[in-house]
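Tertiary structure, described
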Amino acid sequence: MPERDLLMIPGPTMVDPAVLRAISAPVRSQAAPEVVEAFGAALEGMRVVLGARAGAPYIIAGSGTLALEFGAANLIEPGDKVLLIDTGVFAYRFQQICERYDAQITVLNAPPGDTISLDAVEAELQKGGYKFVEMVHVDTSTDVQVDVTAVSKLARRYGALVVVDGVCAAAGVEVKCDEWGVDLYMTGSQKAFGVPPGLALCWTSERALDTIRKRRKPVRNFFCDALNWLPVMQAMEARKVAYFATPPVNMICGLHESLKQILAETMEKRVRRHAILSRAFKAGLDAMGLRQVPLRPEIAAPTLSCAYFPPGVDGSMIQHVRAHGVTIAMGIHPRLKPYFRVGHMGTVMPNDILATLGAIESALLVAEHELQPGAGLSAAMRVLVEM
Ligand SMILES: *Cc1c(COP(=O)(O)O)cnc(C)c1O
């Protein structure tokens, strides 16, 4: 694949060259001052991105799925009742993990493309006894975003902890763990953080840590045990050395570099950039006559877009887009008609949005989809003037 091609999928995403250079530094000891500084500063940066001055952030080798495993392993004891909100395929992934830890699971399914009704969540919570409620902040199979603030408020009222799969959200949308009352946030390096795959990023509130400390039996997953990692993270944040298992030092240097860029941009401006780029891209899809998966614009997330193939166009469209030097992805929700997904998060800029829409327009013209050439680009450009 030519190095200038665009990777516009919902993870992994394109990585800034400075981040790649940071990763290619010589391998150092985890006790080397440069590594301790990068590790500590990366933990501090995570606090800013997650809106989490309290509690504890964790950087662990693994993918987003390991972050989900971390959440389930630490909080679940056999027989615990958990409530999962399903807005796409990633709820099912977490459900499968919870099954391994012998949770008693209730799933609330939103219709595909829709979010969950708060009344439905409350009706379930009223039954009582839930240890936690889990939701997917942005579901990568539907582009649906859940109102974490509102669900957290409900969960707290009924004494349940709040667990969030933010793998496709953090660093691209606003996250305020302290303020919203989140207890465990789970994410990864390769989506809106703009770092290659390889890091599971988690955060626990004081309340979650209390719950973990009071477990009847130790966490069943040794590598994921928050109490094994906590002393290491605390030491590194204080620029001291501690060891539990060898940290992925080069990846942490990459995360540190990316977080430096994120903090220099500021989260406020980064959230705004993602919102504008997403509105521009979605306006382009609309103007090309493509129907999107989220049922209403208000529930669509800004980190990606999902649109159905129009009549007469199939998955081979993605190959035509590819030929224009842009990689986009097929849909992955089994209950939806064929659709495609485009990630526009992390390092993505207006030119990437225009190049991607242009490639999709070309592919649709080749497939003889009725379209005024330039219609999508023109609609996007009208939004991009806000940047
Ligand atoms: C990508 C993703 C995951 C899985 O992450 P991996 O890094 O592929 O293990 C989980 N949840 C959501 C919402 C995701 O977007």
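Since we're looking at a predicted model, the values are computed, not measured.

With that settled, consider the pattern of salt bridges. Scanning all chains against the criterion turns up 18 salt bridges. Two residues, lysine 127 and glutamate 124, come together in a salt bridge whose shortest N-O distance is 3.0 Å. What makes lysine 127 exposed here is its relative accessible area of 58%. Between arginine 296 and glutamate 298 there is a salt bridge, and its shortest N-O distance comes to 3.6 Å. On the basis of relative accessibility, which here comes to 31%, the residue arginine 296 falls in the partly exposed class.

Under the criterion given, the structure shown has zero disulfides. The thiol of cysteine 177 is not disulfide-bonded; the next cysteine sulfur, from cysteine 202, is found 11 Å away.

Next up on the list: the environment of arginine 207. Here arginine 207 is to be found in helix 8 (residues 206-213). On a C-alpha basis, the gap between arginine 207 and arginine 291 in space is 42 Å, while along the polypeptide they are 84 residues apart. Not counting residues within four places of it along the chain, the set of residues in contact with arginine 207 comprises Arg156, Ala160, Leu161 and Asp183.

For soluble globular proteins, the rule of thumb is that nonpolar side chains tend to be buried together. The biggest cluster of nonpolar side chains holds 97 residues, and the ones touching the most others in it are Leu50, Tyr58, Ile59, Phe132, Tyr185 and Phe193. Counting residues per element, this core draws most heavily on helix 2 (residues 33-50), at seven residues. Counting the residues that make up this core, at least three belong to each of domain 1 (6-10 + 267-384) and domain 2 (17-264). Residues Leu277, Leu290, Ile328 and Val383 belong to the second largest nonpolar core, which totals 33 residues.

Between helix 2 and helix 10 (residues 249-265), whose axes approach to 8 Å, the crossing angle comes to 45 degrees. On the basis of their axis angle, the class for helix 2 and helix 10 is oblique. As for the relative orientation of helix 2 and helix 10, their crossing is left-handed in sense. Contact residues: helix 2 offers Val35, Ala38, Phe39, Ala41, Ala42, Gly45, Met46, Val48 and Val49, while helix 10 offers Val249, Ile252, Cys253, Leu255, His256, Leu259, Ile262 and Leu263. For the contact of helix 2 with helix 10, a count of residues per class yields 15 nonpolar, two polar and no charged.

Attention shifts here to the side chain of glutamate 257. As for its position among the elements, glutamate 257 is in helix 10. With a relative accessible area of 19%, glutamate 257 lands in the buried category. If sequence neighbours within four positions are ignored, glutamate 257 has contacts with Ala18, Val19 and Ala22.

For valine 164, the position within the fold is in strand 8 (residues 161-165). With 28 residues separating them along the chain, valine 164 and valine 136 place their C-alpha atoms 5.8 Å apart. Sequence-distant contacts of valine 164, defined by excluding residues within four places in its chain, comprise Met135, His137, Val148, Val182, Leu184, Tyr185 and Met186.

For the rest of this paragraph, the subject is the site of the ligand. For the ligand, the full set of nearby residues is Ser63, Gly64, Thr65, Phe90, Val136, Val138, Thr140, Asp165, Val167, Cys168, Gln190 and Lys191. For the shell around the ligand, the class distribution of residues is five nonpolar, five polar and two charged.

Moving on: unusual backbone geometry. Following glycine 11, the chain continues to proline 12 via a peptide bond in cis, the omega torsion being -5 degrees. For proline 12, the location among the structural elements is in the loop between strand 1 (6-7) and helix 1 (17-23). Positive phi, close to 60 degrees, is recorded for aspartate 102, a residue that is not glycine. The residue aspartate 102 is located in the loop between helix 4 (89-100) and strand 4 (104-109) in this model. The phi angle at threonine 266 is positive, at roughly 80 degrees, despite the residue not being glycine.

For the chain, the assigned domains read domain 1 (6-10 + 267-384) and domain 2 (17-264). When each unit is reduced to the centre of its C-alpha atoms, the spacing between domain 1 and domain 2 is 28 Å. Listed per partner, the contact involves 27 residues of domain 1 and 27 residues of domain 2. Across the domain 1 to domain 2 interface the summed buried area is about 2200 Å²; carbon plus sulfur atoms make up 63%. Contact with domain 2 buries area across many residues of domain 1, yet Met267, Arg270 and Ile299 alone supply 26% of it, more than any other trio. At the boundary of domain 1 and domain 2, one finds two salt bridges. The salt bridge involving aspartate 114 is made with arginine 296; its shortest N-O contact spans 3.0 Å. Our count for the domain 1 to domain 2 interface comes out at ten residue pairs in polar contact (both at pLDDT 80 or more). Among the secondary structure elements, those contributing two or more residues to the side of domain 1 that touches domain 2 are helix 11 (267-287), strand 11 (304-308) and strand 14 (339-343).

The rules we used
Throughout, a residue's number is its position along its own chain's written sequence, starting from 1. Totals for whole chains, interfaces and linings use every residue, but because this is a predicted model, local features are given only for residues with pLDDT of at least 70 and side-chain atom pairs only at 80 or more, for both listing and counting. Hydrogens are left out, water is left out, and the side-chain values use all remaining heavy atoms of the structure. Each reported salt bridge corresponds to a side-chain nitrogen of Lys or Arg within 4 Å of a carboxyl oxygen of Asp or Glu. Exposure is judged per residue with a 1.4 Å probe applied to protein chains only, and the accessible area is read against the type maximum: over 50% gives exposed, under 20% gives buried, and values in between give partly exposed. When the sulfur atoms of two cysteines come within 2.5 Å, that pair is taken as a disulfide. Strands here mean DSSP runs of E at least two residues long; helices mean DSSP runs of H or I at least four residues long; both are numbered from the N terminus. Contact definition: two residues touch when any of their heavy atoms are within 4.5 Å. Residues belong to a common nonpolar core when they are buried Ala, Val, Leu, Ile, Met, Phe, Trp, Tyr or Cys residues joined through side-chain atoms within 4.5 Å. Domain borders in the structure are assigned automatically or taken from a domain database. Every axis in this analysis is a line fitted to C-alpha atoms, fitted for helices over the stretch in contact. Angles between the N-to-C directions lie between 0 and 180 degrees. Note on angle classes: values under 35 degrees are labelled roughly parallel, values over 145 roughly antiparallel, values of 65 to 115 roughly perpendicular, and the remainder oblique. Crossing handedness is read from the near helix: turned anticlockwise from the far helix by less than a right angle, it gives a left-handed crossing, and turned clockwise, a right-handed one. By the convention adopted, Pro, Cys, Tyr, Trp, Phe, Met, Ile, Leu, Val and Ala count as nonpolar, Lys, Arg, Asp and Glu as charged, and the other residues, Gly among them, as polar. Here a residue is near a molecule or strand as soon as one of its heavy atoms is found within 4 Å of it. By convention, the term buried area covers the 1.4 Å-probe accessible surface removed from two parts as they join, with the contributions of both added. As used in this structure description, the phrase polar contact means that two N or O atoms lie within 3.5 Å; if the pair is within protein, one of them must be able to donate a hydrogen and the other to accept it, and residues adjacent in sequence are counted only when both atoms belong to side chains.

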